[in-house]
Each structure stands twice: as structure tokens, then as C-alpha cells.
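Here is what each chain is made of, one letter per residue.
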Amino acid sequence: MLARLKAPQWAGLGLIGGLVIFPYVIAVLTGQPVDSGVPKFWQGMLIQVFILAVFAMSYDILMGYTGILSFGHALFFGTGAYTIGILLKHAGWDLGSAFVAVIVIAIVQSLIVGLLSLRVSGVYFAMVTLAFAQMFFLLAEATDFRQWTGAEDGLQSIPVPAWISPTTERLRFYYLALVFAIAMYLIARQIVNSPTGRVMMAIRDNEVRAKVLGYNTLIFKLIAITVSGVMAALAGALNALWNLNANPAVLSVATTINALLMTIIGGVGSLIGPMLGAGVIQLLGYWLNVFFGPSWPLLFGIVYILIVLFLPYGIVGTWRLRGTSWLEQWRRRWQELTVRS
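Residues numbered from 1 in each chain as written. Predicted model: local features only at pLDDT ≥ 70, side-chain atom pairs only at ≥ 80, totals over all residues. Heavy atoms only, no water.

Trainee: In this structure, what is going on with unusual backbone geometry? I would like to understand it.
Mentor: If a residue is not glycine, its phi is most likely negative; likewise, a peptide bond is most likely trans. Backbone geometry places S157, a non-glycine residue, at a positive phi of 55°. The topology assignment puts S157 in the loop between α6 (146-149) and α7 (170-192). Assessed through its relative accessible area of 56%, S157 is described here as exposed. Even without being glycine, L271 reaches a positive phi, approximately 65°. On the secondary structure map, L271 appears in the loop between α11 (253-266) and α12 (272-292). A relative accessible area of 2% places L271 in the buried class. (Helix = DSSP H or I, 4+ residues; strand = E, 2+ residues; numbered from the N terminus. Buried < 20%, exposed > 50% of the residue type's maximum accessible area, 1.4 Å probe, protein only.)

Trainee: Explanation requested: helix α10 (residues 217-243) in the structure shown.
Mentor: Given 3.6 residues to a turn, an α-helix orients residues that are three or four positions apart in the same direction. In this model α10 runs 38 Å from its N-terminal to its C-terminal C-alpha over 27 residues, within 8% of the 39 Å that 1.5 Å per residue would give. Among the 27 residues in α10, 23 count as buried, and that is most of the element. Positive phi shows up at L244, right after α10, with a value of about 60°. (Expected span 1.5 Å × (residues − 1).)

Trainee: Explain the pattern of salt bridges to me, please; I cannot follow it from the model alone.
Mentor: Opposite charge on two side chains lets them pair, provided their charged atoms get close. Taken as a whole and assessed by the stated rule, the structure comprises four salt bridges. Here E207 and K221 are joined by a salt bridge, their closest N and O atoms 3.0 Å apart. With E207 in helix α9 (residues 207-212) and K221 in helix α10, this residue pair connects regions lying 14 residues apart in the sequence. Looking at K221, the relative accessible area reads 10%, which means it is buried. Because the salt bridges share partners, they merge into one network encompassing R146, E152 and D153. (Salt bridge = Lys/Arg side-chain N within 4 Å of Asp/Glu carboxyl O.)

Here is the structure:
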């Protein structure tokens with residue numbers, strides 16, 4: 001079976017293996033215990049990358065595979081965060097039941113938003129989804145619901161089970177987030193490679209032709225929105241457990257723009273690209289902040305412009321288009337150098 005694996009699959013297995021041993025490698029390199037100091041800090045950094053990677057991937061299913069541009073994707077992310085926070089803190093639910101509730105609510109919410117929004121398309125759809133997200137953003141900030149949502153202060157001190165406490169059980173939370181990201185990727189890949197996924201891509205390429213072929217495009221768009229919404233809600237729920245809070249910012253336009261940037265930087269319509277984009281944004285933002293302080297967003301904007309100019313299809317998309325020719329050029333230059341020497 002291993003002999004049948006191709007180079008990208010070997011690369012994926014290598015990456016997973018590297019992420020599994022990463023905490024212990026950092027511990028060895030720094031000489032610090034794996035559950036404290038620098039190793040613990042970098043576990044936290046990668047936990048955020050894993051969560052954002054799933055959020056970006058959910059956006060890619062919508063935009064990259066179905067051709068639906070949404071300005072309100074934070075709606076699902078924020079709903080997942082508030083749902084699990086309220087159920088754990090105020091309703092006293094156990095973690096498993098709370099996650100089931102997140103999935104059910106995300107499905108219902110996605111179907112409602114989809115049925116009401118898909119009456120229009122293009123920029124009009126984007127504006128309608130933005131209106132939905134802003135409506136929930138205002139509800140989260142409303143003082144009328146302060147006892148449940150914390151209003152503008154957010155829902156603080158969400159009680160997380162001790163066995164996955166991000167403070168005392170950071171390493172366990174790290175592996176939980178890693179398994180979550182891998183599982184979501186495998187599910188998403190199974191969906192986009194299925195006949196349903198191929199119809200979604202047909203809608204993206206030419207919706208009129210898909211209708212002529214007899215497909216009910218509304219149904220397949222609803223499937224895309226629902227899958228995307230559930231994945232985003234689960235990422236939001238895990239984000240709330242990680243931060244021990246849920247605040248109105250998770251429902252803001254900035255959260256949706258982050259998903260859009262991660263998708264574009266990594267490569268639209270590639271699944272792995274948005275996950276890579278999440279890593280680039282999170283880690284690059286951290287290093288720019290360390291070296292340049294408060295001015296780092298300006299520098300990040302310059303880096304983003306350079307990526308768009310020189311990698312117009314994102315990191316993964318551009319590599320897929322031009323990687324073979326680049327490798328061929330590098331091989332020729334290497335041969336020339338070896339001949340001269």
C-alpha cells in the first residue's frame with residue numbers, strides 16, 4: 001500500500017509526522033520541559049494555526065469549489081464559539097453534547113441563510129450574508145443579552161473540562177487540535193472528490209451549463225453552504241475552548257476577511273492551500289510583530305501585495321501551474337553547473 005503513495009501523499013505524511021514530534025523536538029532544542037516555556041508557547045501558536053486552517057478550508061469549499069463569495073462567513077465561526085460557550089457556562093452541558101448542539105445549530109443556520117440568500121447571486125449574495133453576520137454581531141453586543149453573551153465584553157471564563165484545559169494540558173490540547181484539523185481535511189477532501197463535489201465545481205465554472213445538464217444547483221449550493229458552515233462552526237467552538245471566551249470580534253467582518261486572505265494567499269480551490277495560508281498569516285504576523293512592533297500590519301500588507309503580484313494563484317495554485325517548469329529550469333542549471341565544474 002505504501003508503494004502506491006505518490007510524492008504529495010508522502011509529503012503530507014511527512015508533514016503530519018513532523019507536527020506530531022514537533023513539541024518534543026522544540027523541547028530537545030531548547031532544553032526545556034515539553035509542557036512549559038518555549039515548547040508550550042509554540043504549541044499554542046500551532047493550535048491557533050490548526051483552528052484557523054479549518055476555518056479557511058471551510059471558506060475555500062464555499063468560494064474555491066462552489067464559486068460563492070461570502071462576506072459573512074464569520075457568522076458560522078462566531079455562532080459555534082457562542083453556542084459552545086453558552087451551553088458549557090450557563091446550561092451546564094457536557095462537552096460532547098455541546099459539540100453535537102453546535103453541529104445541529106450550524107446545519108439549521110446554514111440552511112436558513114442559504115435559502116434566504118441564494119435567491120440572489122454574486123455581490124448581492126455577498127451583501128446579504130454580510131447583513132446576516134452584522135445582525136448576529138449586533139445581537140452579541142446587545143446589552144439585553146448581557147447575562148448570556150457578556151455583551152461587548154464577550155462571554156468570559158468558559159469552563160473547559162480539565163483534561164483538555166489549554167492552560168494545564170496544553171500538549172493534549174495541541175494533539176486534539178491537530179487531529180481535528182486532519183479529520184476536517186480528510187472529510188473535506190472526500191466531499192470535494194465525490195460526485196457532489198464535482199457538481200459544486202461545475203456550478204463554479206458555469207452554473208447555466210450545470211442547470212442545462214439537469215442539476216438542481218440550489219440543492220448543491222445548499223450542501224456547500226451547510227458543509228462550510230458546520231466546519232466553520234466547529235472551528236469557532238474549538239477557538240472558544242482555546243481562548244476560554246467568545247467575544248463579538250469573532251462575528252466581525254475582519255474575521256471573514258482573514259478567512260478570505262488565508263484562502264487567497266494559500267491558493268483558492270485547493271483545500272491544502274488555505275491551510276497553508278493560515279500558517280503563513282499566523283506565523284508571519286507573529287514574526288513581523290516581534291521585529292517591527294505595532295507597524296507590522298503595514299508590512300504585512302506589503303507582503304500580501306507581493307504575494308498577489310508574484311504568486312497570482314496563491315502559493316499552492318502557482319506551484320501547481322508552474323512548479324514543473326521551475327523544477328525543470330533548476331535541473332538544467334544544476335546540470336550546467338556540474339558540467340562546468
